[in-house]
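The primary structure of each chain is shown beneath.
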Amino acid sequence: MSHAKAQSKSVLWDWLTTVDHKKVGILYLAAGAFFFALGGLEAILMRIQLMFPEFTFLPAQTFNELLTMHGTTMIFLAAMPLLFGLMNYIVPLQIGARDVAFPFLNALGFWLFLFGGILLNVSWFAGGAPDAGWTAYVPLSSESPGTGIDYYVLGLQISGAGTLIGGINFLVTIINMRAPGMSMMRMPLFTWSTFVASMLILFAFPALTIGLLLLMLERIFGATYFAVDFGGNVIIWQHLFWIFGHPEVYILVLPAFGIFSEIISTFSKKRLFGYSAMVFATLIIGFLGFMVWAHHMFTVGMGPVANSIFAVATMAIAVPTGIKIFNWLLTLWGGRIQFTTANLFALGFIPSFVMGGVTGVMLATSAANYQFHDTYFVVAHFHYVIIGGVVLGLFAGAFYWWPRIFGYKLNETLGKIFFWMFLFGFHLTFFVQHFLGLIGMPRRVASFLGGQGLDEMNLISTIGAFFMGVAFILFVVNIFVSMKNKETTGDPWDGRTLEWTIPSPTPEYNFAQTPLVRDVDALWYEKYEGDGKMKAAEPLGDIHMPNGSFLPFIISLGLFIASFGFIYHLWALAIAGMVVVFGAMFVRSVKEDHGYHIPKEDILNAKGGK
Amino acid sequence: MKYLWRLLPLSFFLLLAGCGQQNLSALDPQGPVAEMQFSLIRLSLYIMIFVIVVVFAIYVFVLIRFRERPGDTHIPKQVHGNKVLEVVWTAIPIFLLLILAVPNVMETFTLADTEPTEDSITVNVTAHAFWWEFEYPDYDIVAGQDMYIPTNTRVIINLESSDVIHSFWVPALAGKQDNVPGNVNDMWIEAPKEGVYLGKCTELCGPSHWLMDFKVIAVETDVFETWAANMAVPAEEKEQSESEVLVEGRTLYEQSCLQCHSISGQGGFGPDLTNFGERTVVAGYLKYEDENIKDWIRDPQSLKPGNGMPAFPDFTEDELDALTEYLKSLKVLEE
Amino acid sequence: MADHGMDPTAPLKGEPTKKVKRKLARETRTQVISFVLMIFLTSLAFISIASDAIPASFAMPFILLLATIQVVLQLYVFMHLNERGNGWANVMIWSAVIIAIPTVASLMLLLGIVKW
Amino acid sequence: MEHQHTVQQTLPPNPEKATLEGRNKFLGFWFFLGGETVLFASLFGTYLGLKGSTHTGPGPDELFSLPLVFIMTMILLTSSLTSVFAIINMKKGNYRGLLLWLSVTVILGLAFLGFEIYEFYEYVHHGLGFTTSAFGSSFYTLVGTHGAHVAFGIAWITTLLLRYRKSGLTLTNAPKFYVAVLYWHFIDVVWVFIFSVVYLMGIGG
Ligand code: HEA
Ligand code: HEA
Ligand code: CUA
Ligand SMILES: [Cu+2]
């Protein structure tokens, strides 16, 4: 297929078949933003229900469905895909690559995630969403009537497969596709954290896969792993879930850490303080992340030795995390700090996240955890780390990379209003929840009784949530009103890393010539030690590009269809779906596709005929 | 002055505890277990406040001192790092964590020590969706919803579940442990003072999870002994009142309710009602009023969705009155 | 980014160099030897259970040891993990093993039946 | 595609890693195997946790037939060797050898699968169904997942054999063959543990 022909296809078809990491990245961002709004809406509904004691805005069953879907949606369908969107777009640019290692699989990963997410949400219209919490503890989940949990199991299984594929893709991309001179220890921190997060994905998701497989076999085929009457054990699920679940929270937060590292260093105009310490801290957090999962299970009766070991191991994570916090502070130290919106989010992150982190250490105190566990104290903790860490990171990244990705700058004034309102709402919502938990409010309660001292703080919390909601709408408005602020320099922030070396909008082949990297912060180095221009590592030549493919969409669709077969025991449908899946995979492996080349002349033209 | 500074967070806590209910708050411990846990919470909180203060101080200083001023275009020095600093901020957190970890490990073991002693008593707690059953093996009795314990006595608690996972939490007396089907967990509590301590289920267990409340009622030892002895009196040996309403109520009860609700401290499919007359709430949370009792019997599902009791819509108003009177007469402590 | 100058669909022609051939011959030899070793180890494990002479307390760790040796043989001889340039593959496999160990251990031991 | 005609394609020492695509595939596949390791660890853990929970059904020692499993192990080990021969032949430039040895591998794989199906059939007849007990469920899930891997491996290699029966060795298919063989070895690695942990220790301990 020639280049010209590829361009003449319809826009919709182009997006459905794209394997360009930038477009896949944008797809991830769009879908993730949609699910974020959805999960946020679910949160707002929950908060309305909890506004007054014994409020009857929602039935208890609906509340349980909302809380399950809120947690599941936010973690799997909003936070992770949004991060994946940024990673997809930015990481290849940061390492000077023209593409990811597996463009086809990259697209497949996205479509699997999207269809999994849609499947999960179909449950709302099919007799009720899952209602056992995002952790789906058995036997509540394994014996839950209705099909909600089946949607949970299959939806997560499919989107989880997408995530795993994405993780492997990033790993190989980062190892094999770096530009000459870009050694591992010259990689920008966002790339590093993507790398470590991908390792976590690789090792954490299989445990979830097995957990979900067991739950599916138990529910659909009558297996008895969790059925106590047949000798089953319900703790197995908790282990499998948390062996995945704890690393998962670092999968979320590490890339956010990476984003902050980029932004803080850019806007204090300083090289990141303690680069190698930052890298090692990230690796250590990643490693320790696998050794602490049972801190979610202190009260299930593992015994004091196990509890003590996991408590101490958990506390240890504070050390590398602290190293990172102090390195950021010292990066700011002596810098020239610019308060752009992106940087405001990064600066808002530091105190917010530290507050969430230290309550994490309090939770890790096993003997005290018996009081904290499953109360609003935990809810406060994890929203502090997730919103204070991940969500602020996503917004910071959005403002920072928006001009790179969409070719225009978001309005700074609106952005700052958005920031302050969101930050204020966030602390208002969740700060009081610490105390709610301590004075006796369990989590996952559909309502609470009056006269127990819980009323005022719940109301405050709900008001805070409204602030966040309105702030988010401001952000959406900002996206539309700013469209005219075209950004054409390609380097609006006086950037330091390779993604700012290319013109805006980003050409589909990224780099006309693969750059030669001579230091950490490659662009900054050329600006201040060289002549301001990147050196090329190769002569200008034809550029090879992969062809688009509709198969990722088909494969995911096939799984989507098959899932209904499994949920409703319509075996013919299940088989039909799987035939589509394997058929598409077969076509893929049998049909060789070697892509096409963009001729040198086109690239020269795009560069202005230089 | 220094001393006052240390007290500050404590007084903050007391203030908050005032917000909540004394017998529901982990911040106002009423027994040795909760006290131990509260002291750990305080210790960890002091450490965390120290960390937060240090971080915030540097943070605020940096933001003020190094903010970009109008017209400033200088390029800051590109510092690579600093070995000494790295060591310092690795070592200090490790030290702080040790201060927390050591007492934590010790207390984790103390709390896990559930060996019965000479004068301890044992209660086997079985959680059901959505009510609690308390079996006293030493006394051969079963009680529902209200867990009576003697004051100043070590109470060993064995936790089980008859369906899904629940979790047993009485914040003022002790942190929680889970009721896991198929396993037995144990913990201990002790209440030095007489009092009613609110308890809650803290593991999502279905639509009425939020209503799965219970009470721990600590009474003097002799009161407890009386209670236990009276609980154990078989129904037929009980003095029966001759009032007409109560007789009608008892008859109805025996026809419709006894199959699930024992009145002899022996337990059954539903909560034992031997001492229902001494409850302060109905079904764990409703105000103890005639109307509520009647509403409950008529339609328990709308009050506590998903619970195990069927509706009795066919009782007449009179029958309900009789049943209610009878239920209210079921007492073991006062006559 | 196909490496320029190579057609990925054209059949590869020619013979490997002498050096490569020698290496392959050597490789074949090690592989056959380790295969024989694997068969031997498997039989040994089998016998240690099948014959009642060996006490279980010895047989269990012994079997696990044999299994581990076999796996290392598979990974390094059959799957060439030892070759240069496979550093990352090594990193990932051994990381996986390090994570697999506590996973298996916890699922065996920490099910709340025995309190540790 | 102006490059095609220009170059003489000679056999590189490691054809599977001669192109960037090949290197990507190679590395990505190893990582995938890392993930599979944790996947099987989860299954092994579950099995070991539930091994004693035979409920009213039969337990491992009443059920397992060691000689059968021993034969299965030998078959799978041998198939690992034949796939090694296939790769050696690939590197030697002997494409027919590659195809031949891989065919043998597939046949051995089929034999293994046949035995496994027979084995399961026997166990069901001896009273251990999938839903009989927690032990039964976890046993069939662990061994069955391995069996599913074998089946997938067979299908995969067969597809490659058919697809490339005439093409000769190319820079495109070399990594594909190589990676499929890696997968096959991995299946064998897992089986070694199943043999030891499930069968031998099931009987012995
Ligand atoms: C992004 C997500 C994220 C992150 C980063 C963290 C980070 C941490 N978490 Fe959190 N956690 C969650 C998300 C996250 N968590 C979620 C979602 C749950 C609930 C799941 C559910 O049940 O639904 C949870 C629950 C949870 C529990 C279980 C609570 C319970 O259910 O009983 C525990 C217990 O140990 C815990 C601990 C920690 C610790 C110690 C950290 C540490 O990593 C924090 C480290 C950071 C710092 C400590 C701050 C900076 C450090 C310094 C400034 C140095 C000096 C500090 C000291 C000396 C203390 N978390
Ligand atoms: C990434 C993770 C993430 C994020 C971002 C959030 C965000 C929020 N969460 Fe939470 N939450 C979880 C993960 C997350 N959450 C998890 C894992 C649980 C546990 C679930 C469980 O127990 O199983 C949980 C549970 C949880 C609870 C406890 C429920 C319970 O235990 O009963 C509460 C209660 O207040 C809550 C509130 C909120 C609020 C108010 C927000 C706010 O930040 C949301 C703000 C909302 C918006 C910013 C969007 C608003 C959108 C609109 C107004 C629509 C507008 C649309 C357009 C303009 C197109 N969440
Ligand atoms: Cu029982 Cu919640
Ligand atoms: Cu955790």
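Residues numbered from 1 in each chain as written. Chains lettered and ligands numbered in written order. Predicted model: local features only at pLDDT ≥ 70, side-chain atom pairs only at ≥ 80, totals over all residues. Heavy atoms only, no water.

The condition is simple: UniProt positions are given in the numbering used here, feature names are shortened, and annotations may be inferred rather than shown by experiment.
For chain C, an unreviewed UniProt entry supplies the name Cytochrome c oxidase subunit 4 and the organism Evansella caseinilytica. According to its UniProt record, chain C has this under Subcellular location (unreviewed entry): "Cell membrane".

Going by an unreviewed UniProt entry, chain A carries the name Cytochrome c oxidase subunit 1 and comes from Evansella caseinilytica. UniProt, in its Catalytic activity (unreviewed entry) section for chain A, records the words "4 Fe(II)-[cytochrome c] + O2 + 8 H(+)(in) = 4 Fe(III)-[cytochrome c] + 2 H2O + 4 H(+)(out)". Per UniProt, chain A carries the Pathway (unreviewed entry) text "Energy metabolism; oxidative phosphorylation."

**Things to note about the site of ligand 2**
Residue and element names in this part refer to chain A. Which entries qualify depends on this criterion: Being near a molecule or strand, for a residue, means having at least one of its heavy atoms within 4 Å of it. Under this definition, polar contacts are N or O atom pairs within 3.5 Å; protein pairs additionally need one hydrogen-donor-capable and one acceptor-capable atom, and for neighbouring residues in sequence, both atoms have to be side-chain atoms. Numbered from the N terminus, helices here are DSSP runs of H or I no shorter than four residues, and strands are runs of E no shorter than two. In this classification, Asp, Glu, Lys and Arg are treated as charged, Ala, Val, Leu, Ile, Met, Phe, Trp, Tyr, Cys and Pro as nonpolar, and every other residue, Gly included, as polar.
Residues in contact with ligand 2 amount to 32 residues; listed here are only the nearest, R47, H70, W134, H383 and R444. Between ligand 2 and Y376 there is a distance of 3.4 Å, counted from an oxygen atom to a side-chain nitrogen or oxygen. Within the side chain of R444, a nitrogen or oxygen atom sits 2.6 Å from an oxygen atom of ligand 2. Of all elements in the fold, only α3 (21–49), α4 (60–94), α14 (376–406), α15 (412–438) and α16 (455–481) reach the threshold of two or more residues within the shell around ligand 2. Each residue belonging to the shell around ligand 2 can be placed in one class, and the counts come to 22 nonpolar, seven polar and three charged.

**Side note on the interface of chain A and chain B**
Heads up, the rule is: Every residue pair with non-hydrogen atoms within 4.5 Å of one another is taken to be in contact. A quick way to say it: buried area is the sum, across both parts, of accessible area lost when two parts are put together, with a 1.4 Å probe. Salt bridges, as used here, are contacts in which a Lys or Arg side-chain nitrogen is within 4 Å of a carboxyl oxygen on Asp or Glu.
Taken together, the contact pairs 92 residues of chain A with 84 residues of chain B. For the pair chain A and chain B, the summed buried surface comes to about 7400 Å²; carbon and sulfur atoms form 71% of the total. The residue R336 of chain A makes a salt bridge to E68 of chain B at a minimum N-O spacing of 2.5 Å. One can count 28 residue pairs in polar contact (both at pLDDT 80 or more) joining chain A with chain B. For the side of chain A that touches chain B, the leading source of residues is helix α12 (residues 341–364) of chain A, giving ten residues.

**Some remarks on a nonpolar patch on the surface**
Going by this rule: Residues form patches when they are more than 30% accessible in relative terms and have no salt bridge. Like charges link within 9 Å. Nonpolar side chains (Val, Leu, Ile, Met, Phe, Trp, Tyr) link within 5 Å. Each accessible area is a Shrake-Rupley result for a 1.4 Å probe, and residues are judged covered by the shown protein chains and nothing else. The buried label applies to any residue whose accessible area, calculated with a 1.4 Å probe on protein chains only, is under 20% of its type's maximum; exposed applies above 50%, and partly exposed to all values in between.
A surface patch of nonpolar side chains, amounting to about 740 Å² of accessible area, comprises V305 and I309 of chain A, F109 of chain B together with M108, L109, I113, V114 and W116 of chain C. Elements represented by at least two residues in the nonpolar patch include exactly α10 (304–316) of chain A together with α3 (87–109) of chain C. Residue position: I309 of chain A is located in helix α10. Residue classification places I309 of chain A among the exposed positions, given a relative accessible area of 53%.

**Quick word on the site of ligand 1**
Near ligand 1 lie 33 residues; those nearest to it are W134, Y250, H373, H381 and R443 of chain A. At the site occupied by ligand 1, the surrounding residues belong to chains A and B. Within the backbone of A364 of chain A, a nitrogen or oxygen atom sits 3.3 Å from an oxygen atom of ligand 1. The set of elements that each furnish at least two residues to the shell around ligand 1 consists of α8 (235–267), α11 (318–332), α12 and α14 of chain A together with α2 (32–65) of chain B.

**Quick notes on the sheet that holds strand β10 (residues 213–219) of chain B**
Consider a sheet: its strands pair through backbone hydrogen bonds, and that pairing is either parallel or antiparallel. Residue and element names in this part refer to chain B. Rules: Here, a strand pair is defined by DSSP locating no fewer than two bridges between the strands. Interaxial angles span 0 to 180 degrees and are taken between N-to-C directions of axes, which are lines fitted to C-alpha atoms, for helices over the stretch in contact.
Strands sit in the order β4-β10-β9-β6-β7 across an open sheet of five strands; the sheet is mixed. Looking along the sheet, the strands with just one partner apiece sit at the ends: β4 (146–150) and β7 (174–179). Direction aside, the axes of adjacent strands within the sheet are offset by 25° on average. Inspection of the sheet shows β4 paired to β10 by five bridges, in the parallel sense. Looking at the pairing, Y148 lines up with I217 of β10.

**Regarding the sheet that holds strand β8 (residues 185–189) of chain B**
All names here are of chain B. Reading across from one edge, β3-β2-β1-β5-β8 is the order of the five strands in this open sheet, with mixed pairing throughout. The open sheet has two free edges, formed respectively by β3 (141–144) and β8, since each of these has just one partner strand. Strand after strand, the sheet turns through a mean of 25° between neighbouring axes, direction not considered. The strands that helix α4 (residues 221–231) touches are β1 (121–128), β2 (131–136) and β3; relative to β3, the one it contacts most, it runs at about 100°.

**Some words on helix α6 (residues 290–298) of chain B**
Inspection of α6 of chain B places N292, I293, K294, W296 and I297 of chain B among the buried residues, and these make up the whole buried set. Contact partners of the buried residues in α6 of chain B: β11 (281–282), β12 (286–287), α7 (300–303) and α8 (317–328) of chain B.

**Some remarks on the pairing of β10 of chain B**
All names here are of chain B. Across the seven residues that make up β10, a large majority, seven, are buried. Of the two faces of β10, both are covered, the one formed by D213, K215, I217 and V219 as well as the one formed by F214, V216 and A218. The sheet contact formed by strand β9 (residues 195–201) and β10 spans six bridges and is antiparallel. Bridged to G195 within β10 is A218.

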